[in-house]
Amino acid sequence: MLTYLGRRFLAVIPVLFGVTLAVFSMLFLVPGDPVKMMLAEFVTTPDQIEQMRAQLHLDEPILKQYGRFVGNALRGDLGTSIRSRRAVSTEIGENVGSTAQLALASMAVAVAIGVPLGLMAALLRNSWFDAGSMIVALLGVSMPSFWLGLLMIVAFSLHLGWFPATGGGDLWHLVLPSVTLGMIASAIIARLTRSSMLEVLGQDYVRTARAKGLAWWGVVVRHALKNALIPVITIFGLQFGNLLAGAVIVETVFSRPGLGRLIVGGILAKDFPLVQGTVLFVATAYVMINVLVDIAYAFVDPRIRFG
Amino acid sequence: MRPGHRSRSAALALAALVSFTAAGVFAPDALAQSGGTLVIGLDQEPPTLDPHASPSAVTYQIIGSVTENLLYRGSDGKLAPWLAESWQSARDGRSVTFKLRRDVKFHDGTPFNAEAVKLNFDRIVDPKFKAGGARAAFATYAGSKVLDEYTLQVNFETPFSPFLNLAASGPLSIVSPKAVRESGDQVHTRPVGTGPFMVTEYVAKDHTTMVRNPAYTRKAPWSDRTGPAHLDTIVWKFVPEAGTRVTTLESGETQAIYAIPAQSLPRLEQNTGLRIEKIPWPGAPRIWLLNTTKPPLDDVRVRRAINYAVDKDALLATVAKGIALKAFAPLTAVMLDDPALRQAYPFDQAKAAALLAESGWQPGAGGIRTKAGQRLEILLNAIDYGGGPEPAVQLIQSSLRDVGIDVKLKTQARPPWYEDNYRCATHGPVMFLRSIDPDGLFSLFHSSFVGGNFNWSCVKNAKLDQLLEQGRREFDPAKRRAIYLSIEKLALEEALTVPLLDDLSVWAYRANVQGAKYNFNAYPVLSDVTIRR
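Residues numbered from 1 in each chain as written. Chains lettered and ligands numbered in written order. Predicted model: local features only at pLDDT ≥ 70, side-chain atom pairs only at ≥ 80, totals over all residues.

A.B. asks: Explain the overall build of chain A residue by residue, including any values.
C.D. replies: Check the secondary structure of chain A and you find 13 helices and 0 strands. For chain A, the succession of helices and strands along the chain, N to C, is α-α-α-α-α-α-α-α-α-α-α-α-α. In terms of its C-alpha atoms, chain A occupies a principal-axis envelope of roughly 85 × 55 × 30 Å. Burial status across chain A gives 40% buried among its 307 residues. Long-range pairs, those at least 24 residues apart, make up 73% of the contacts in chain A with a sequence separation of at least 6. (Helix = DSSP H or I, 4+ residues; strand = E, 2+ residues; numbered from the N terminus. Buried ≥ 20, exposed ≤ 12 C-beta atoms within 10 Å, placed from the backbone. Contact = placed C-beta atoms within 7 Å.)

Right, here's the structure in full:
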């Protein structure tokens, strides 16, 4: 088990190295001179552009700049936002809670809808329920989140007046965004639960359990579902990435604070340090969550540890 | 000053334009209800609320009633006393002396005096501070001198008349020096001014709250009454998604919103529970800067032909319905309006064709003109916002095709768009510029700004340079107007640009919200606002 953990964590290092490299080279891969872009909104003479370049150390050799970037990041210094002039780490700190809240709440919505829906569809295979729920799931997978979000606002905020359309803060404001994001993720989870459940239900040990005379529901929940959920756990980690991507849109539609809006704002304002810092943070979080999922996976399925 | 290039299109007849005077009709004080909370939805979050650091209009939209300026410039364009009771420019034009009010305190209790103003101005030029839009006002600043506690002399290396208008603009508004010194990072979220409202809360990506300043006993220059603001509280919500923003106004979650999307405007205007107000922007209109150095635009006849050929009425009717007026010159009409400018380039395809023929471009295959085997192609630099270039640019393309010019769009992300403008690599971009003083034209046309922001016509013209420099030396309003009129006439004669649309700043209110006024910058001042219940 320890070796497994050790190996998982060691594997993270090259990934994170790749992330820093990708994030750093962003500045150079995007066409155009970063300094000129940053100053684009001001009246500037060519002299001022050169001054700014020196201040940002952009006149140094690239390797030295990269070393500075990684060194600072390791110390938790992600630089200063050009637009707001505050530390990027402060800005991330202000927004990470809201996004985590949204991600967890929508994950809960996704599981609460997706697992029972997939389970029922598998048990009632080839029935109208199966067909109906899978069509709904297909619609969910194909539905753009900004569109679903606007529909939610029109229905539940404008017409029914149940929930506020915008803002962060209390749970009341969390309902519409998390249901929007969760419904889309639930579609994938429902489809996966269904196929995984169908596979497990055909296994010998399920038949054996039934043959032993165990209650049908007991077999489904204790034998089949437990095993069927293993691939679903894996998809959690991957879905988390989707949730972060979805948060970029959902946070904008619902005007919620969060990392998604931070990145969008940074991109629109050409705020390179902010975008680099936030992307680095999100990528690292994504990698770490997948490591945790891998570890959880090993706990649920002993074959992983020894395999 | 701030450039822009965001596309705003809309729908509605121009007749519905509500001028500020009409919008300013409000109940006498006896009927006006004091108190209440006004929630306003904005399209952006400000980068900072520090007026000296911000490069962005949204900052000044929010703090228009929080911080005050030495002078006030109202919608009539006239300068009025504000924190300064009077002002006098020196005969050599190199200094302005302000007599300040003696009864003013900042929200934090710090007394307002000449020393405080000096600290504000010195802060803006401090290289360690990195000022935003404010920095340009002090390009030739030579320090301020405190003559006595309430008299300040502001000095310049060379005469600089735009300073008076700039002193009345948001970036030069005055904040508490004590707060600047002591509040650290909070300086960006809690500006401490002297105005009728005080910022009390800032939640990033969500909202900022301001409350009435009970100690405001003066008469604000836009108001006809003395004393504190009517409203208790104003909440500015940052709602970037336009559809969401409109919905919050309709559902009552907000009572006012800014930046109305084109497709929603007709619906909102039909809603009797709402009211639309449209304010003209000062500065340069939405304008195509023609790169005068790149053939075939190095030929003035081709540039003039383009000016005759662009169908602005079609532009207005399709992409800017209800949210813009026709533009005629490099300054918006509210800055300088003159019949000579309006008559310069009527829509006239025959004249355009004649000019092109005269410069040797003859009709060729596929309706595109040719000269010496070369097709008449123009490369327009356009920004892709994810949904392609802005619609105005596509309309130009079809307008010019009618006279035999093939306009190719170089649609690209903002960074390379800027880069191409600096290098004069295309036939020019479409952009706009917000500026309270006609001196905004300096950065647009002075030769020293080629390769920087924003001389993207790449024009180096000694006569223009001289006139632009003369405009900075002249303090007499009538003479200044004459100078900038000749600059505009010269720019039109040389066809350095194609003026397209004068954008309007569009606000929507619940009908029971009354009394919003706007300064010359088109930013709202809200101390007279009431909400009828």
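A.B. asks: Kindly report on the confidence of the model for chain A, identifying the contributing residues and their values.
C.D. replies: Low pLDDT marks regions whose predicted coordinates should not be analysed in detail. Residues at a pLDDT of 70 or more form 93% of chain A, whose mean pLDDT is 83. The element-level mean pLDDT for chain A is lowest in helix 13 (residues 302–306) of chain A, coming to 65, with helix 7 (residues 145–159) of chain A highest at 89. (pLDDT = per-residue confidence, 0-100.)

A.B. asks: Describe the packing of helix 5 (residues 88–123) of chain A against helix 11 (residues 259–268) of chain A, and please don't skip the residues or the numbers.
C.D. replies: Residues and elements named next belong to chain A. Following both chains from N to C, one finds helix 5 and helix 11 inclined at 135°, their axes separated by 7 Å at the closest point. Between helix 5 and helix 11, the interaxial angle falls into the category oblique. On helix 11, the residues that touch Glu91, Ile92, Asn95, Val96 and Thr99 of helix 5 are Leu259, Gly260 and Leu262. Looking at the contact of helix 5 with helix 11, its residues break down into 4 nonpolar, 3 polar and 1 charged. (Axes fitted to C-alpha atoms, helices over the stretch in contact; angles between N-to-C directions. Parallel < 35°, antiparallel > 145°, perpendicular 65-115°, else oblique. Nonpolar A, V, L, I, M, F, W, Y, C, P; charged D, E, K, R; others polar.)

A.B. asks: For the sheet that holds strand 6 (residues 95–100) of chain B, give the residues involved together with the corresponding values.
C.D. replies: Residues and elements named next belong to chain B. In spatial order, the strands read 5-6-8-7; together these 4 strands make up an open sheet with antiparallel pairing. A strand with exactly one partner marks an edge of an open sheet, and here the two such strands are strand 5 (84–89) and strand 7 (141–148). Here the strands of the sheet are splayed against their neighbours by 20° on average, with no regard to which way each runs. For strand 5 and strand 6, the ladder comprises 5 bridges, and the chain directions are antiparallel. (Pairing = 2+ DSSP bridges.)

A.B. asks: Account for the nonpolar core, with residues named and values stated.
C.D. replies: Counting residues in hydrophobic clusters, the biggest one holds 125 residues, and the most contacted among them are Leu38(B), Ile287(B), Ala305(B), Ala392(B), Leu500(B) and Ala508(B). Membership of the second largest hydrophobic core comes to 62 residues, among which are Leu102(A), Leu119(A), Leu181(A) and Val253(A). (Core = buried A, V, L, I, M, F, W, Y, C linked by C-beta atoms within 7 Å.)

A.B. asks: I'd like to hear about the packing of helix 5 of chain A against helix 12 (residues 272–300) of chain A, residue by residue, with values.
C.D. replies: Residue and element names in this part refer to chain A. Their axes nearest at 9 Å, the elements helix 5 and helix 12 cross at an angle of 55°. Between helix 5 and helix 12, the angle falls in the class oblique. Along this stretch, helix 5 crosses helix 12, giving a crossing that reads as right-handed. Listed contacts from helix 12 to Val88, Glu91 and Ile92 of helix 5 are Pro273, Leu274, Gly277, Thr278 and Phe281. The residue inventory of the contact of helix 5 with helix 12, partitioned by class, reads 5 nonpolar, 2 polar and 1 charged. (Left-handed = near helix turned anticlockwise from the far one by under 90°.)

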